[in-house]
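# Structure at a glance
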Amino acid sequence: MRKFLVVLDDSRECLNAIRFAALRAAHTGGGVTILSIIPPEEFQHWIGVADLMREEARERIEAHFEVFAKWMRDKHAIQPELVIREGKPVDEILGLIAEDPEIGILVLGAGSDRAGPGPLVTQLSRNSGSLPVPITIVPGTMDKARMEKIA
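Residues numbered from 1 in each chain as written. Predicted model: local features only at pLDDT ≥ 70, side-chain atom pairs only at ≥ 80, totals over all residues. Heavy atoms only, no water.

Along its length, the protein chain carries five helices and five strands. Start at the N end of the protein chain and walk to the C end: the helices and strands fall as β-α-β-α-β-α-β-α-β-α. Computed over its C-alpha atoms, the radius of gyration of the protein chain comes to 15 Å, within 12% of the 15 Å expected for a compact globule of 151 residues. Its C-alpha atoms put the protein chain at 50 × 35 × 35 Å along the principal axes. Per-residue burial for the protein chain yields a buried fraction of 44% across its 151 residues. When the accessible surface of the protein chain is summed, it comes to about 8,600 Å², and 52% of that surface belongs to carbon and sulfur atoms. In the protein chain, which carries 18 positive and 22 negative side-chain charges, the distance between the mean positions of the two groups comes to 9 Å. (Helix = DSSP H or I, 4+ residues; strand = E, 2+ residues; numbered from the N terminus. Rg over C-alpha atoms; globule rule 2.2 N^0.38 Å. Buried < 20%, exposed > 50% of the residue type's maximum accessible area, 1.4 Å probe, protein only. Areas by Shrake-Rupley, 256 points an atom, 1.4 Å probe, with all protein chains shown as cover. Lys, Arg positive; Asp, Glu negative; His and termini not counted. Charge placed at Lys NZ, Arg CZ, Asp CG, Glu CD.)

Written as structure tokens, this is what we have:
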């Protein structure tokens, strides 16, 4: 089975990337893996405090994921997989792709504000010629109707 890998974060464009990955997976018989990355700098505290913060971050991620997972199950009959990692985002994305041979496409959402498409899109598109899978970049301003036609 081919899986679409999408990154779950707090960005607005993340929603479009998740929506697109679910639609493509539903239309092609694929799966969806949702990766959420906890940056290591979040835990530069005493060990006890860092452990508590790490647990709270995981709970927040799991609650956020469950909203999307329910939508995918109910609307598209897809059971997404959640992967939570700690580290630098690009390193963790590439590491997961290397570890899971079923991941066939990385789906990223591009920001639409003046700051540019976002750090992941910028960093990964620079190296797109040497990546082991294709990248699909979903515009942050794309509406649901247009996305459904394309997917």
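More follows now that the structure is in view.
Moving on to the pattern of salt bridges. Per the counting criterion, the structure on display carries nine salt bridges. As a salt-bridge pair, K3 and E81 come within 3.1 Å of each other at their nearest N and O atoms. With K3 in strand β1 (residues 3-7) and E81 in strand β3 (residues 81-86), the pair connects residues that are 78 residues apart, well separated along the chain. On the accessibility criterion, K3 (8% relative accessible area) is buried. Judged by its relative accessible area of 33%, E81 falls in the partly exposed class. Ionic pairing is found between E102 and K3, a salt bridge with its closest N-O pair at 3.8 Å. Remark: K3 occurs in strand β1 and E102 occurs in the loop between α3 (89-99) and β4 (103-110); sequence separation between them is 99 residues. Through salt bridges with shared partners, a single ionic network connects K3, E81, D100 and E102. (Salt bridge = Lys/Arg side-chain N within 4 Å of Asp/Glu carboxyl O.)

For strand β2 (residues 31-38), the tally of buried residues reaches eight of eight residues, placing the bulk of the element in the interior. Residues G31, T33, L35 and I37 point to one face of β2 and V32, I34, S36 and I38 to the other, with burial holding for every one of them. Pairing analysis gives five bridges linking β1 to β2, with the strands arranged parallel. Note that in β2 the partner of K3 across the bridge is G31. Read as a crossover between parallel neighbours, the route from β1 over helix α1 (residues 13-28) to β2 is right-handed. As judged from the six bridges shared by β2 and β3, these two strands associate in the parallel manner. Each residue of the ladder has a partner; that of S36, found in β3, is I84. (Pairing = 2+ DSSP bridges. Right-handed = clockwise from strand over helix to strand, strands pointing away.)

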